[in-house]
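Here is what each chain is made of, one letter per residue.
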Amino acid sequence: MPKKRHNKKAGAALAQSSRIWLLTSLETHHERLCFEDWLQALVGLYICDILEGCDTHSEASGAYRRFSAYFVSQISSMAHQHVEGLMLAHCILSTRGFPSPTLTSFANDVANALAGKDQPPDANVSIQILLSRLALISTLPRPQELTQSDIGGEALALLLASEDALEQLCFRISAASLFGRRAICGVHETLGDLAFALPSITLQQLRKYNLSLGAALLRSLNYLHLDQTIAVQSGIRFLEAQQRHDGAFGFFALKANESEGVSDKITIHRLYLQTTINCMWAIAEICTPNFRLI
Amino acid sequence: MISQIPKLQKSNCSVIVDDSPSLRLVAGDILRPEKLVAGRALEWLDAHLSHFNPFNRGLDLDETHQTAIAELALLSYLIRRRQPNSTPCVDRFLDVIEFLYRTPQFHENIYHIKQAFPAHLIIRLALADRNIGDVVPDRVIRWMLERGNALSSERNPYRMLELRYLLELGGWSHNLPSEASLFRRTTLGRCAEILSLMDRDVYSITHTIFYLTDFGRKPCVLFRGQRLRGIITLLETLLGMAIHAQHWDLVSELILSCRCLEMEDGAWIRLGWQALLQVQDASGAIRGFNREQTPRVHGAARDGEYFLSSYHRTLTAVLAGMLGLKIHHAEKET
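Each residue is numbered by its place in its chain's sequence as written, counting from 1. Written order determines the labels here, with chains lettered from A and ligands numbered from 1. Only residues with pLDDT of 70 or above have their local features reported here, since the model is predicted, and side-chain atom pairs are shown and tallied only from 80 upward, although totals for entire chains, interfaces and linings are computed over all residues.

The subject of this paragraph is the overall build of chain B. By the criteria applied, helices consist of DSSP H or I runs no shorter than four residues and strands consist of E runs no shorter than two, each listed in order from the N terminus. Across its full length, chain B holds 16 helices and zero strands. Contact between two residues is assigned whenever their backbone-derived C-beta positions fall within 7 Å. Considering only residue pairs separated by 6 or more positions, chain B has 74% of its internal contacts joining residues 24 or more positions apart.

The structure is reproduced here in structure tokens:
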């Protein structure tokens, strides 16, 4: 079973390799990275530390300082559109021993703004959880329960759902379980249909080599406490097998052509970055007892 | 003329359904999607029987068409074995199969095409009571088995099982390895990680089960206890994956595989039938590609392409609805 069989040595080897890739690519592409890229790279480094079981890896210290400087510089321009991202960055940097007064002040402002508000929409659940982790609010939000409408009405509709609908479902499962921090909140019939159909859907998405969605579905299965199923066990082994020699995840038939310019290279890098972080997030949450990214 | 085939009777669903004990619609059956799907699929095959004959469209009897004819022959054999004196459409199927089998283009390939030999065996089984010994004499088949490459030609392990199965059914002597020995070499016998299985591997799994259980007529000693439970879990998981992938061919094959191993239909099988009922079009075909999409070819060729892309899904749905342990036991009791 994933949690019991977790091999620390294997997790550490995987993390070491990915950390090298993340640090190298940060060095190579830093001038062309957008906010989301920086955030993903930060999350990646943090997960590497978790998988390796260390507080902050010495090689990553310099990078964390660099991340801190970057996110502080983004406060004025990104404060409205990337509240969740800035909160996550602040939370990770604080946990790693790099708290920033500017980001702390931003987090306090967010906590004050949300104080006394009604039940938060799904989009704000992650922010509330992060505020709770930072001890800026005392209670976790009460999530909206999952219902048949979230799965299209029945098990067959769920099985025939589009990829967009499945992404939305993963989002709903994350919110309804507070990203795995609480027992899932949902109608009995809906939870039954999810337990029935979601493992096969997850396996098929992985088999299609849709790694990002497959990894998100694996996390969802974990939040549904279905981590002892064949789907999760096979899925995690499959994700681990997708790490390349350079540390990134995914064997895609893509290669930046020197003549095709810089934008092409960054697009390809972005695909690998996104895939790598999604895979590592699933592996870390399923294989590391008590770890939750959010 | 080669392009002339016996005049076909006009297809009539009610005849097929009314005359077939397995497909007879009675009160309550309206709630059983497998009966509806299989009945309408059989009607579609009957209505499109002329498409099995490539000469009708000025085409050659190539390997694709030979395979289609062999599969129709297998369906006919399996239905007739269940219901010797019913299902009149099977007589029409056999008329077409016999006509095509008697064309020189069909049996000239017996020595040349790897798949042709099993296809010949299937057709001979289906046409056993039609005196076709004058087309390819038994001594040719025996020569192929005793002196030719029929048994030595390299095949996938599950194809070897198929060959063994057909030879046993026909009572032809052979020196192929035992079922257990062949099974150990198959994908199913080797227990590969589920995520590494490609579609062709899943076909191998379903066919291995078909042959080892004689399409649900006998329990296989190789599938017992924990292994049987593991295989059923695997099949159900693959069925869920196939429904999600909308791979209707595999959905039918996996339903049939489960029914070959278990007496009762589980939740996954019921869901698979619901899905097939949803995708079956008004004519009874299990849709392959969308007919309204821009076709690559036009006219008769378009119809032919549509037929070739649909017939196997549709034919397999008939088998899934008409075969299996439960049906076999029910018939034995009556």
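Having seen the structure, we can now continue with the description.
Contacts between chain B and chain A engage 13 residues on the former and 16 residues on the latter. Counting residues per element, the ones that place at least two in the side of chain B that touches chain A are helix H12 (225-245) and helix H14 (267-279) of chain B. Looking at which element gives the most residues to the side of chain B that touches chain A, the answer is H12 of chain B, with six residues. Each residue gets one label: Ala, Val, Leu, Ile, Met, Phe, Trp, Tyr, Cys and Pro are nonpolar, Asp, Glu, Lys and Arg are charged, and the others, such as Gly, are polar. Looking at the side of chain B that touches chain A residue by residue, the classes come out as eight nonpolar, four polar and one charged.

Another point: the packing of helix H2 (residues 33-47) of chain B against H14 of chain B. All names here are of chain B. Contact geometry of H2 with H14 gives a least axis separation of 9 Å together with a crossing angle of 45°. Classified by the angle their axes make, H2 and H14 are oblique. Here H2 runs over H14; the crossing is left-handed. In this structure, H2 contributes Pro33, Glu34, Leu36 and Val37 to the contact, and H14 contributes Trp273, Gln274, Leu276 and Leu277. Taken together, the residues of the contact of H2 with H14 break down into six nonpolar, one polar and one charged. What counts as an axis is a line fitted to C-alpha atoms, over the stretch in contact for a helix, and the angles between N-to-C directions run from 0 to 180 degrees. Any angle from 65 to 115 degrees is called roughly perpendicular, while one under 35 is roughly parallel, one over 145 is roughly antiparallel, and all others are oblique. For any helix crossing, the convention is left-handed if the near helix is rotated counterclockwise from the far helix by under a right angle, and right-handed if that rotation is clockwise.

Moving on, we come to unusual backbone geometry. Residues and elements named next belong to chain A. Here the phi dihedral of Ala135 falls at roughly 60°; this positive angle occurs in a residue that is not glycine. Position of Ala135 relative to the elements: it lies in the loop between helix H7 (122-133) and helix H8 (155-159). Burial is judged by counting the other C-beta atoms within 10 Å of a residue's own C-beta: 20 or more makes it buried, 12 or fewer makes it exposed, and any count in between marks it as partly exposed, with every C-beta position built from the backbone. What makes Ala135 exposed here is the crowd of 8 C-beta atoms within 10 Å. Phi at Phe179 takes a positive value of approximately 55°, unusual for a residue other than glycine. In this fold, Phe179 is placed in the loop between helix H9 (163-176) and helix H10 (188-207).

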